[in-house]
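Here are the chains, one letter per residue:
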Amino acid sequence: MSKPSVAPFVALTLPMLLLACSQGASPDQTDPYAGGQSYPWEQVNLATQALTPGTNTLQYETPTYARNSWGPIERNTSNGEQKAGDGKPLTLNGRTYTQGYGVHAGSELKFSLKGTNGASCNNFTAEVGVDDEVGSRGSVVFQVYGDGIKLYDSGVMTGTSATKRVNVGVVGRQELRLVVTDGGNGISYDHADWADPKVECATQKPKAGSLDTSWAPVVTSGPLGTVLLEPDLNVLTGEIIARQPDGRRLVVTNLPDGGKFEVRRYNLDGSLDASYGQGGKATTDFGAVRDSPYAYDESYGANDAVLQPDGKLIVVGKGLGPSGSTDLALARYNPNGSLDPSFGSGGRVFTDITPLAGNPYPDRPPVDSAEAAVEVQLGPKGTILVYGSRDHIYNTRVSGTLARYQANGSLDTTFLNGGWGDVSNYVYGLSFTIEPDGDVLNVRGGPYTYIFGVTLDRIPAVGQLGGESVQFFMGAEGDSNQAGDIAVQADGKILVSGYTMSYEGGAPFYTAVLVRLNPDLTLDTSFGEGGRVRLVSEVNSTDRTIQRVLIQPDGKIVAVGETILRFWP
């Protein structure tokens, strides 16, 4: 309920050992947690309050379940020590909060999201961190679950970490669970605060495709590079980056000397992980810079990377293959930074499409096409799906090509034309993603999108090209249309981003667009206006296009371009 009706915690049959440090203990005194001791506390409530339309301040609601590792959970104060009511004001990085919960890892709070008076709960927000009462010590992880699904993970936070804001959607959820773990190094000084926790409820659910105004738009700067959604729901951009489950990051950087690139692994504090490769770095060569017979330089190197569930890293790019041709190039690294000898030849794979495709002009001598791997995703059963470009020398046309590899680096001959296939005659606005059943969704544009719009193909996981296909306009018919990215929601609905260009008064107008299709490839008219969400137009600027689409665990849609926006699913 919205009103501040305080319901005190009532401990069940729990022995409370009251002989550790006192409330006034200084962080400089002897560690009260020596020997790993804890003072567990637990509470179960059968009767719960119901949330009302509007803002519900969560510290005035009654948890259905609560537990703590160092005395009772405190309401509106820090955890303090083992006794009830011995906490201090909730304080994070010098800011004091009048409302919230003070807990100690490991702890857990469960709340019913049942509404009353027609209320449907939409959003949970809070500010979290290690309370100032323990100084720079402590290390915890905040997690938020909705009906057992993890919606948020703060990563390890210490007494020196900046305060983080939690903002997750809970539409359709029945239970909210707030968890604090010890960060992997025991519970010493792990005093954690859920400050200003709120649940927003309304008599109507947010309209699909409406802007989530609880998030402040974030302006991006420079090339986007890799775009990753972090477990704390922040968006990471720049360079070629892969994130390990433990939070360490792998960064791939092309070096200036022709085709070599470097993989570096960074610890959580930003230092190089000396256990990776040689002093934190692993260097690989995809080729060299050379003059082509057609009077332009071809530069080789990495373009994308993805981390496998087993911790092995796959890097793809443009390579100078053993035959001297420009090939799709892949490399795979073991978790320690060494090349994986079970993958291809010594950890590298070069694929020359030209001899596989055959000579399209029998009356002319065969000429190599220039190929490059641009993007990589993990497919079903350990397969690796690579999107690349294929530059046909004879007719100066660049095709979009998909190739699927088995776990050992050999082409998966069950996919398309013996493991590969051209999926577009052009590379305009081409992007792909993989559905849970292994089918590939491939969105593509072309030079005449003002006539035909963009095309979405569903390519079977096994077999030839020729599955389902649909054409649609990102905007009005007659405008130039371009696709940017594609993503699949948990319910199977498909999001396609892009932009349209029209002319007003002789000047080109660009409008970023997000389109949603049903699983059967029909427009989802419940989304935005007739299946489309349009952003503000700008003259002479394509920056408004949505370049990447990400799906949060709570279902919210993250649109990344010149700004990062979030929409309700």
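Computed from a prediction, not measured in an experiment: that's the story for all the values here. (Residues numbered from 1 in each chain as written. Predicted model: local features only at pLDDT ≥ 70, side-chain atom pairs only at ≥ 80, totals over all residues. Heavy atoms only, no water.)

**Re the overall build of the protein**
1) Next: Within the protein one finds 2 helices and 43 strands.
2) Next: Here the protein, with 569 residues, has 53% of them falling under the buried criterion.
3) Next: Here the contacts in the protein between residues at least 6 apart in sequence split such that 58% fall between residues at least 24 apart. (Helix = DSSP H or I, 4+ residues; strand = E, 2+ residues; numbered from the N terminus. Buried < 20%, exposed > 50% of the residue type's maximum accessible area, 1.4 Å probe, protein only. Contact = heavy atoms within 4.5 Å.)

**Some details on the nonpolar core**
1) Next: Formed by 41 residues in total, the largest nonpolar core has its most connected members in F124, F142, V144, L176, L178, W194 and V199.
2) Next: Those elements that place two or more of their residues in this core are β7 (100-104), β8 (107-112), β9 (120-130), β10 (139-146), β11 (149-158), β12 (164-169), β13 (175-181) and β14 (191-202).
3) Next: Take this core: its biggest share by element is 5 residues, from β9.
4) Next: Formed by 17 residues, the second largest nonpolar core is a distinct cluster that contains I240, V263, A282 and A305. (Core = buried A, V, L, I, M, F, W, Y, C linked by side-chain atoms within 4.5 Å.)

**Details of the sheet that holds strand β34 (residues 454-459)**
1) Next: Taken in spatial order, the 4 strands make up an open sheet running β32-β33-β34-β35, and their pairing is antiparallel. Edge positions in the sheet fall to β32 (431-434) and β35 (469-472), since each has one partner strand and no second. Each strand axis lies, on average, 15° off the axis of its neighbour in the sheet, ignoring direction.
2) Next: With 5 bridges connecting them, strand β33 (residues 440-444) and β34 associate as antiparallel partners. By the bridge assignment, R444 is partnered in β34 with T455. (Pairing = 2+ DSSP bridges. Axes fitted to C-alpha atoms, helices over the stretch in contact; angles between N-to-C directions.)

**Some details on unusual backbone geometry**
1) Next: The linkage connecting A105 with the following residue, G106, adopts the cis geometry, with an omega of -15°.
2) Next: Tracing the chain through its elements places G106 in the loop between β7 and β8.
3) Next: Its identity as a non-glycine residue notwithstanding, L233 has a phi of 75°, on the positive side.
4) Next: Mapped onto the elements of the fold, L233 is located in the loop between β16 (227-229) and β17 (235-237).
5) Next: On the accessibility criterion, L233 (1% relative accessible area) is buried.
6) Next: We note that L521 has phi near 75°; this positive angle belongs to a residue other than glycine.
7) Next: Considering the arrangement of structural elements, one finds L521 in the loop between β38 (507-517) and β39 (532-534).

**So, the state of the cysteines**
1) Next: A full pass over the atoms with the stated rule returns 1 disulfide.
2) Next: There is a disulfide in this structure between C121 and C201, and the S-S distance comes to 2.4 Å. As the torsion about the S-S bond is roughly 75°, the C121-C201 disulfide counts as right-handed. Here C201 lies in strand β14 and C121 lies in strand β9, a separation of 80 residues in the sequence.
3) Next: Exposure remark for C121: the relative accessible area of 4% places this residue in the buried category. (Disulfide = S-S within 2.5 Å.)

**Some details on the sheet that holds β10**
1) Next: On the basis of which strands lie adjacent, the open sheet formed by 6 strands has the order β1-β3-β8-β13-β10-β11 and antiparallel pairing. The sheet terminates laterally at β1 (41-44) and β11, the two strands that pair on one side only. Across the sheet, the mean angle separating the axes of adjacent strands is 10° when strand polarity is ignored.

**Some remarks on the side chain of R404**
1) Next: Relative to the elements of secondary structure, R404 occurs in strand β30 (residues 397-405).
2) Next: A polar contact is formed between the side chain of R404 and the side chain of T414, at a distance of 3.3 Å. (Polar contact = N/O pair within 3.5 Å; in protein donor to acceptor, adjacent residues only side chain to side chain.)

**Looking at the packing of aromatic side chains**
1) Next: For the coordinates displayed, the defined rule picks out 9 aromatic pairs.
2) Next: Positioned above the aromatic ring of Y300 is the side chain of K318, whose terminal nitrogen or guanidinium carbon lies 6.0 Å from the ring centre.
3) Next: Between K556 and the ring centre of W568, over which it is positioned, the NZ or CZ distance is 4.6 Å. (Phe/Tyr/Trp six-rings, centres within 6.5 Å; stacked < 30°, edge-to-face > 60°. Lys NZ or Arg CZ within 6 Å of the ring centre and 35° of its normal.)

**Here we look at the confidence of the model for the protein**
1) Next: Summing up the model confidence of the protein, the mean pLDDT is 86 and the portion of residues at 70 or higher is 87%.
2) Next: Per-element mean pLDDT across the protein ranges from 46 in strand β22 (residues 290-291) up to 98 in strand β6 (residues 95-97).
3) Next: Low pLDDT, under 50, characterises residues 1-28; the stretch is placed with 68 contacts to residues that sit more than four places away or in other chains.
4) Next: The low-confidence segment residues 289-297, where pLDDT is below 50, has 19 contacts with residues more than four positions distant or belonging to other chains. (pLDDT = per-residue confidence, 0-100.)

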